[in-house]
Amino acid sequence: MKKIIIVEDELNIRSGLVKIVREIDEDITIFETGYAEEALEIAKREDLDLFFLDVQLEDYSGYELAKEIRELSEYKLTPIVFISAFHSIEMEAYRNVHCYSFIYKPFAKDDIRKVFQEIKTGLISSKDNKMIKFKEKEFTYLINQKDIIYIEAKNRKVFVKTQNEMAVFSYIPIAGIIQQLSKDFVQCHKSYIINKSYIKRIDKLNSGVDLNNSDQMIPVGRKYKDELWRIY
């Protein structure tokens, strides 16, 4: 991690955070500002590795800034850590802009150190983690492929079942989705894609697949039987 930016409009908090970061790693280049517009210009000019964003800024919100950052292709996966005194927007921020974490005011040095350590570890492991993108209105959602159990297309919607949730998106053809996925996935039905890593049992008699972490038996279409039976 070489360059970070701290976007915080309260000077004493910003200075305190800069000091803590420098104590953690004196080789990091730190950019700082209290304005979202200036932060965006710095992001376009520099190659940043981490964003600390206050939720409330001088000109507009850090949440809106985060959405603009995510629209820049080079920052689709760059960690964003929100600085906030409020808990109410946490889930919205995680879902809509793929925020990495929150730190809450007042924060301590150990809080920042923990975030840095987690991010460094995550950046190393992310080399092995493949993401898939789903567009929903003005937002881009990123989901780790290894967490996906199955994907279903139904009623002009796409349902993505993961270990933690059932995410719902506007319709995308199954053929377009499968092209973005790794070889861990196989289409087993005109409406279903499954992650082979989660297969628990193949029911050839009833033409279905039981998956770990899912109560639903996934149907296997006639067109896809031969390929799936050949694998298993």
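None of the values given here were measured: they were computed from a predicted structure.

Scanning the protein chain for helices and strands turns up seven helices and 15 strands. The 232 residues of the protein chain split such that 49% are buried. For the protein chain, the accessible surface area stands at approximately 12700 Å², while carbon and sulfur atoms represent 47% of it.

Moving on, we come to the pattern of salt bridges. This structure, assessed with the given rule, holds nine salt bridges. Glutamate 46 serves as the salt-bridge partner of lysine 3, at 2.8 Å between the closest nitrogen and oxygen. Here glutamate 46 lies in the loop between α2 (36-45) and β3 (50-54) and lysine 3 lies in strand β1 (residues 3-7), a separation of 43 residues in the sequence. The network of salt bridges with common partners includes Lys3, Arg45 and Glu46.

This brings us to the environment of isoleucine 69. The residue isoleucine 69 is located in helix α3 (residues 62-70) in this model. Isoleucine 69 gets classed as buried once you look at its relative accessible area, which sits at 1%. A sequence separation of 18 residues divides isoleucine 69 from phenylalanine 51, and the C-alpha atoms of the two residues are 9.5 Å apart. In this structure, isoleucine 69 is in contact with Leu40, Phe51, Leu53, Tyr75 and Ile80, ignoring residues within four places of it in sequence.

The pairing of strand β13 (residues 199-203) with strand β14 (residues 208-211) spans four bridges and is antiparallel. Along β14, the bridge assignment pairs isoleucine 202 with valine 209. What sits between the antiparallel neighbours β13 and β14 is a turn of four residues, in which serine 207 has the positive phi angle 55 degrees.

Moving on: the packing of aromatic side chains. With the rule as written, the count across this model stands at four aromatic pairs. With a centroid separation of 5.1 Å and an interplanar angle of 90 degrees, the aromatic rings of phenylalanine 51 and tyrosine 75 are classed as edge-to-face. Taken together, the residues phenylalanine 51 in strand β3 and tyrosine 75 in the loop between α3 and β4 (80-84) connect sequence positions 24 residues apart. On the basis of relative accessibility, which here comes to 0%, the residue tyrosine 75 falls in the buried class. Considering the side-chain rings of tyrosine 150 and tyrosine 192, the 6.2 Å spacing of their centres and the 50 degrees angle between planes classify their relative orientation as tilted.

Let us look at the environment of isoleucine 112. Here isoleucine 112 shows up in helix α5 (residues 109-125). Exposure remark for isoleucine 112: the relative accessible area of 0% places this residue in the buried category. In this structure the C-alpha to C-alpha distance between isoleucine 112 and leucine 17, which are 95 residues apart in sequence, comes to 8.2 Å. Setting aside its immediate chain neighbours within four residues, isoleucine 112 contacts Leu17, Ile20, Val21, Ile24, Phe52, Ile103 and Phe107.

With that settled, the discussion passes to the sheet that holds β3. An order of β2-β1-β3-β4-β5 is seen for the five strands of this open sheet, with the pairing classed as parallel. Either end of the sheet is taken by a strand with one partner, and the two such strands are β2 (29-33) and β5 (101-104). Ignoring strand direction, the axes of neighbouring strands in this sheet form an average angle of 20 degrees. Across five bridges, β1 lies against β2 in parallel orientation. The residue of β2 that forms the bridge with lysine 3 is threonine 29.

About the criteria used
Residues numbered from 1 in each chain as written. Predicted model: local features only at pLDDT ≥ 70, side-chain atom pairs only at ≥ 80, totals over all residues. Heavy atoms only, no water. Helix = DSSP H or I, 4+ residues; strand = E, 2+ residues; numbered from the N terminus. Buried < 20%, exposed > 50% of the residue type's maximum accessible area, 1.4 Å probe, protein only. Areas by Shrake-Rupley, 256 points an atom, 1.4 Å probe, with all protein chains shown as cover. Salt bridge = Lys/Arg side-chain N within 4 Å of Asp/Glu carboxyl O. Contact = heavy atoms within 4.5 Å. Pairing = 2+ DSSP bridges. Phe/Tyr/Trp six-rings, centres within 6.5 Å; stacked < 30°, edge-to-face > 60°. Axes fitted to C-alpha atoms, helices over the stretch in contact; angles between N-to-C directions.

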